Amino acid sequence: MGVRGAVPLGSRTFYARYPFLPGATTSLGSLAPSSRELVESPLFEGARGLGRARVLQALAGPPAGRDLPEVGDADEVARVLSFPFAALLVSLLPGSGPARRWARREALRLREELEGSAVQVEELQTLAHALGRPARRSTSPEPSEGWEVPLPVYLGWSATARGRDLKLVHQRLRHGVVELSRGRLAEWLSEGMLQGLEEVLPLKVEPELRTLLEGRESGFLELARQRLPAREGGPGPVEPERFPPCIRELMKELAAGHNVGHQGRFALAAFLHKVGMEADAIVEAFRGAPNFNEPITRYQVDQIRRHDGGAGYTPPECATLITAGLCRRELDGSPARLCSDPVALKHPLNYYRRARTRPRTNAPGGAGRT
Ligand code: SF4
């Protein structure tokens, strides 16, 4: 990439390059949408598509590739608006982990871009100014790192930075200013951008907007949830050997051709969906039932999966399963005897989550068994 022309702060082109800055959306003037318009107007489908791509890239694991090709192809309006749309999407995913990962990915993208030679010196200065932390080219006649930042200004971000390289002890100080190389300046600015994002994420999404977004983006949100690691509320790979005994018994009963009542079927389908099983695999779990009817089963499974904007129904808790006679805690073979106190355990999903934190063993009969 060649050197690109520096653009003034406040221009749409500037904000398309740095859409995380305050004022980015208002720079669009009459094209600036309300949150509702951003979520549902056909005018902004390009921005929504790019926003989804930003989120999926962040959830894809260790960063690979310098940028999203989609960013370069998109028009300026889409580039600006994809950022707040992505922020909305990650705010609907479980916990704060997805939002943090997205913020880190965006910060890394910024750092890589600023380290490159395509960004002119004037633009770096403008960006630092827009972030509220002025930085300037060194004017010292002595050999210098190239950039300088007043010490109190530098400490604003570096004091809480996680990366060791930004700690003051690793910088060169001269007459109250911190000298920075171009690479260190890029790291410092992206750290500032990251800290700013982490302060506001996940966004507090108003209930009405949340409902709208969950309905319109249910497919995407489900896809994103499937990509979350288990520790961030995602299902991870399904591990049936770690299912609680009540669920294992329901599966065994069906596989043996025995009838299972409505409550048991619902508990099983909702549990399998929540742990990340695909619809086809859930339907398969019911194939042995004496009155199995594939279209009806598929319809019922879809109803359970699509509930609440794709989040799905939550399976009944232990107390309900005990009352229904579906608890099989006497069969719990997990090393930690997770079912021994159903009140404390509370939920079959808790059994699965805890069982998955334990190393696999070859011990017979329960969680951890391979
Ligand atoms: S205690 Fe809970 S998880 Fe364990 S078998 Fe009973 S209902 Fe299932």
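This text follows the structure it describes.
First, a word on scope: everything that follows refers to the structure included in this document. (Residues numbered from 1 in each chain as written. Predicted model: local features only at pLDDT ≥ 70, side-chain atom pairs only at ≥ 80, totals over all residues.)

**Looking at the sheet that holds strand β3 (residues 172-174)**
Now for step 1: With antiparallel pairing, the four strands of this open sheet are ordered in space as β1-β2-β4-β3. The sheet is open, and its two borders are formed by β1 (136-137) and β3, each paired with just one other strand. (Pairing = 2+ DSSP bridges. Helix = DSSP H or I, 4+ residues; strand = E, 2+ residues; numbered from the N terminus.)

**Looking at the site of the ligand**
Now for step 1: Not every one of the 13 residues close to the ligand is listed here, only the nearest: Pro244, Cys246, Cys318, Cys327 and Cys339.
Now for step 2: Only α12 (245-255), α16 (318-323), α17 (342-345) and α18 (348-356) provide two or more residues apiece to the shell around the ligand.
Now for step 3: Split by residue class, the shell around the ligand holds eleven nonpolar, no polar and two charged. (Near = placed C-beta within 6 Å. Nonpolar A, V, L, I, M, F, W, Y, C, P; charged D, E, K, R; others polar.)

**Describing the packing of helix α3 (residues 45-59) against helix α5 (residues 76-91)**
Now for step 1: Across the interface, α3 lies against α5 with an axial gap of 7 Å and an inter-helix angle of 55°. On the basis of their axis angle, the class for α3 and α5 is oblique. As α3 runs across α5, the sense of the crossing is right-handed. Within the contact between the two elements, α3 uses Gly46, Ala47, Arg48, Leu50, Gly51, Arg52, Arg54 and Val55 and α5 uses Val77, Ala78, Arg79, Leu81, Ser82, Phe85, Ala86, Leu89 and Val90.
Now for step 2: Of the residues that constitute the contact of α3 with α5, the class distribution is ten nonpolar, three polar and four charged. (Axes fitted to C-alpha atoms, helices over the stretch in contact; angles between N-to-C directions. Parallel < 35°, antiparallel > 145°, perpendicular 65-115°, else oblique. Left-handed = near helix turned anticlockwise from the far one by under 90°. Contact = placed C-beta atoms within 7 Å.)

**Notes on helix α9 (residues 182-200)**
Now for step 1: Given a rise of 1.5 Å per residue, 19 residues ought to cover 27 Å, and the 28 Å separating the end C-alpha atoms of α9 matches this to within 8%.
Now for step 2: Arg184, Leu185, Ala186, Glu187, Trp188, Leu189, Ser190, Glu191, Gly192, Met193 and Leu194 are the residues of α9 that are buried. (Expected span 1.5 Å × (residues − 1). Buried ≥ 20, exposed ≤ 12 C-beta atoms within 10 Å, placed from the backbone.)

**Things to note about α18**
Now for step 1: Among the residues making up α18, those that are buried are Pro348, Tyr351, Tyr352 and Ala355. All buried residues of α18 project into a common sector of 95° when viewed along the axis, lining one side.
Now for step 2: In the core, the buried residues of α18 are packed alongside α12, α13 (262-274), α16 and α17. (Arc of directions from axis to C-beta.)

**Considering the pairing of strand β4 (residues 177-180)**
Working note: regular strand, side chains alternate between the two faces of the sheet.
Now for step 1: With burial as the criterion, each face of β4 is covered, one bearing Val177 and Glu179 and the other bearing Val178 and Leu180.
Now for step 2: As paired elements, strand β2 (residues 147-150) and β4 share four bridges and run antiparallel to each other. Following the sheet pairing, Glu148 is matched in β4 by Glu179.
Now for step 3: Inspection of the sheet shows β3 paired to β4 by three bridges, in the antiparallel sense.

**Overview of unusual backbone geometry**
Now for step 1: A cis geometry characterises the amide bond from Leu201 onward to Pro202, with omega recorded as -10°.
Now for step 2: Residue placement: Pro202 occurs in the loop between α9 and α10 (207-216).
Now for step 3: Unusually for a residue other than glycine, His175 sits at a positive phi of about 45°.
Now for step 4: Relative to the elements of secondary structure, His175 occurs in the loop between β3 and β4.
Now for step 5: C-beta crowding within 10 Å serves as the criterion here: with 7 such atoms nearby, His175 is assigned to the exposed category.
Now for step 6: At Arg337, a residue that is not glycine, the phi angle is positive and equals roughly 50°.
Now for step 7: Residue classification places Arg337 among the partly exposed positions, given that 13 C-beta atoms sit within 10 Å.

**Comments concerning the packing of α12 against α13**
Now for step 1: As a packed pair, α12 and α13 sit with axes 10 Å apart at the nearest point and diverge in direction by 110°. Considering their axes alone, α12 and α13 lie roughly perpendicular with respect to each other. By crossing handedness, the relation of α12 to α13 is classed as left-handed. Between α12 and α13, the contacting residues are Ile247, Leu250 and Met251 on the first element and Gly264, Ala267, Leu268 and Phe271 on the second.
Now for step 2: Classifying every residue of the contact of α12 with α13 gives six nonpolar, one polar and no charged.

**Considering the environment of Asn293**
Now for step 1: Within the secondary structure layout, Asn293 lies in the loop between α14 (279-285) and α15 (294-306).
Now for step 2: Spatially, the C-alpha atom of Asn293 lies 9.8 Å from that of Val283, the residues being ten residues apart in sequence.

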